[in-house]
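The lines below spell out each chain.
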Amino acid sequence: MQEFRNRIAVITGGGTGMGRELARQLAAEGCHVAICDVSAEHMAETQALAEQAAPRGTRFTTHACDVSDERQVLGFKDAVVREHATDHVHLVFNNAGIAGGGSLFTDPRAEWERTFAVCWYGVYYGTRAFLPLLAAAPEGHLVNTSSVNGFWASLGPDIPHTAYSAAKFAVKGFSEALINDLHVNAPHVHVHLVMPGHVGTSIVLNTSVVLGRPSPKEMTHEDLRVVRDRIKQRGLPGDALSDDQLRVVMQQLAEDFRDKAPLGAAAAARIILDGVREGRWRILVGEDAKELDRMVRSDPERAYEPAFMDELRAKGHLDLALQPGED
Ligand SMILES: NC(=O)c1ccc[n+]([C@@H]2O[C@H](COP(=O)([O-])OP(=O)(O)OC[C@H]3O[C@@H](n4cnc5c(N)ncnc54)[C@H](O)[C@@H]3O)[C@@H](O)[C@H]2O)c1
């Protein structure tokens, strides 16, 4: 698909980050866009930005929807059909995601399952709901966001990262398997698998909201004890800071994840849209993602050893991603 003008795109998690930038860039090209999110406030900001950039006549709609709830996803699909007066869509970006649920030992089971549900079932329900509309278009593109954690289940040997990695591996396997299913049953629909490395977004801050965790500023002494334990697990001095100092550091780390990344959300969205234009099914986003892909493929047995992480860091990759809020 070379041109997005006058097409219809559906984007989950369009409130901030890569989803917002996909929405803005597509609208700027004259593509009609429907976004969903759990944050009405963030969707309104995205809509204002997109409408500023879009040519007259471009339709932009926002929809409150939790992608981990199939009933809500089906409601979102019905609203898109109604509000865009259409029986088909051309592009579906299953982009919504959160971190969290790092450890089976130390994280609450409910949190683990919430992260898995948003990152895996969000993609699965989104695909189930919108696939008939994609198949009804002359050409359709399903764009599923996984992660480097879809082929490397780690943020480093000292950081448990199980729920997110399990979900992102599932997204990768599902999307790859769909290539043949689509080839046989709907050859005019194409699937693209997005695997970003570290992209500067508010995912750390948004994760706290979706999981109902306190923001760093609201953390109690007991909440901070858990953070201290994680810091100590990594062999660092967990008691060196007062509660107030630790709150400031936690907030700063979440903001640094967004503000000091090697790649911003706008550049990441451009890479994703270029991948769709070029018809690539594997879309690695960022030099860190490309390097990790090379390293894991060349020596998979070493992928979870400390020396692997040391080599990655020595190449300047994923340093800022390794913080207590992200696991
Ligand atoms: N930022 C990174 O470094 C990075 C790396 C690899 C993969 N990813 C993936 O990229 C995708 C986009 O993330 P981002 O970095 O732009 O983060 P982000 O937090 O800026 O954007 C995600 C959006 O999804 C929304 N969302 C969260 N849970 C939802 C739910 N249950 N239903 C509907 N919307 C929900 C959030 O409110 C937010 O607006 C995610 O799937 C994420 O896992 C991000």
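Read on for a plain summary of the structure.

About the thresholds
- Counting starts from 1 at the beginning of each chain's written sequence and moves along it residue by residue.
- Per-residue local features are limited, in this predicted model, to residues with pLDDT of at least 70; the limit for side-chain atom pairs, both in listing and counting, is 80 or more; totals at the level of whole chains, interfaces and linings are taken over all residues.
- Calculation of side-chain values draws on the structure's entire complement of heavy atoms; hydrogens and water are dropped beforehand.
- Helix axes are fitted to C-alpha atoms over the stretch in contact, other axes to C-alpha atoms as well, and angles between N-to-C directions run from 0 to 180 degrees.
- By definition, any uninterrupted DSSP run of H or I lasting at least four residues is a helix, any uninterrupted run of E lasting at least two residues is a strand, and each is numbered from the N terminus.
- Take the far helix as your reference; a near helix turned counterclockwise from it by less than a right angle gives a left-handed crossing, and one turned clockwise gives a right-handed crossing.
- The contact rule is simple, with two residues in contact once any of their heavy atoms fall within 4.5 Å.
- Only Asp, Glu, Lys and Arg are considered charged, only Ala, Val, Leu, Ile, Met, Phe, Trp, Tyr, Cys and Pro nonpolar, and every remaining residue, Gly among them, polar.
- Here a residue is considered near a molecule or strand provided that any single heavy atom belonging to it is located within 4 Å of it.
- Each polar contact in these results corresponds to two N or O atoms within 3.5 Å; when the atoms are within protein, one needs to be able to donate a hydrogen and the other to accept it, and residues that are neighboring in sequence are counted only if both atoms are side-chain atoms.
- Here, Shrake-Rupley sampling with a 1.4 Å probe gives the accessible areas, and only protein chains in the shown set may cover a residue.
- When DSSP finds at least two bridges between two strands, those strands are taken to pair.

1. Focus: the packing of helix α1 (residues 17-28) against helix α9 (residues 265-277)
And then number 1: Packing of α1 against α9 leaves a shortest axis separation of 8 Å and a crossing angle of 65 degrees. In this structure, α1 meets α9 at a crossing whose hand is right-handed. Contact residues: G17, M18, E21, L22, R24, Q25 and L26 in α1; A265, A266, A268, A269, R270, I272 and L273 in α9.
And then number 2: Here the residues of the contact of α1 with α9 are counted per class, giving nine nonpolar, two polar and three charged.

2. Details of the site of the ligand
And then number 1: Taken together, the neighbourhood of the ligand is formed by 30 residues, with T16, D37, N95, Y164 and T201 sitting nearest.
And then number 2: Between the ligand and the protein, one listed contact pairs an oxygen atom with a side-chain N or O atom of T16 at 2.8 Å.
And then number 3: Within the side chain of D37, a nitrogen or oxygen atom sits 2.6 Å from an oxygen atom of the ligand.
And then number 4: Isolated, the ligand exposes 820 Å² of accessible area, and the fraction of that covered by the protein chains is 98%.
And then number 5: Taken together, the elements giving at least two residues each to the shell around the ligand come down to α1, α5 (162-185) and α6 (203-211).

3. Let's talk about the sheet that holds strand β2 (residues 32-37)
And then number 1: The strand order across the open sheet built from seven strands is β3-β2-β1-β4-β5-β6-β7, with neighbouring strands paired in parallel fashion. Each end of this open sheet is capped by a strand with a single partner; those strands are β3 (60-64) and β7 (282-285). On average, adjacent strands in this sheet sit at an angle of 15 degrees to one another, irrespective of strand direction.
And then number 2: Where strand β4 (residues 91-94) and strand β5 (residues 140-145) come together, four bridges link them in parallel fashion. The partner of L91 across the bridge, within β5, is H141.
And then number 3: In the packing of helix α2 (residues 40-53) onto the sheet, contacts are made with β2 and β3, and the angle to β3 comes to roughly 175 degrees.
And then number 4: Its contacts with the sheet put α9 on β4, β5, β6 (189-196) and β7, and the angle it makes with β7 is roughly 165 degrees.

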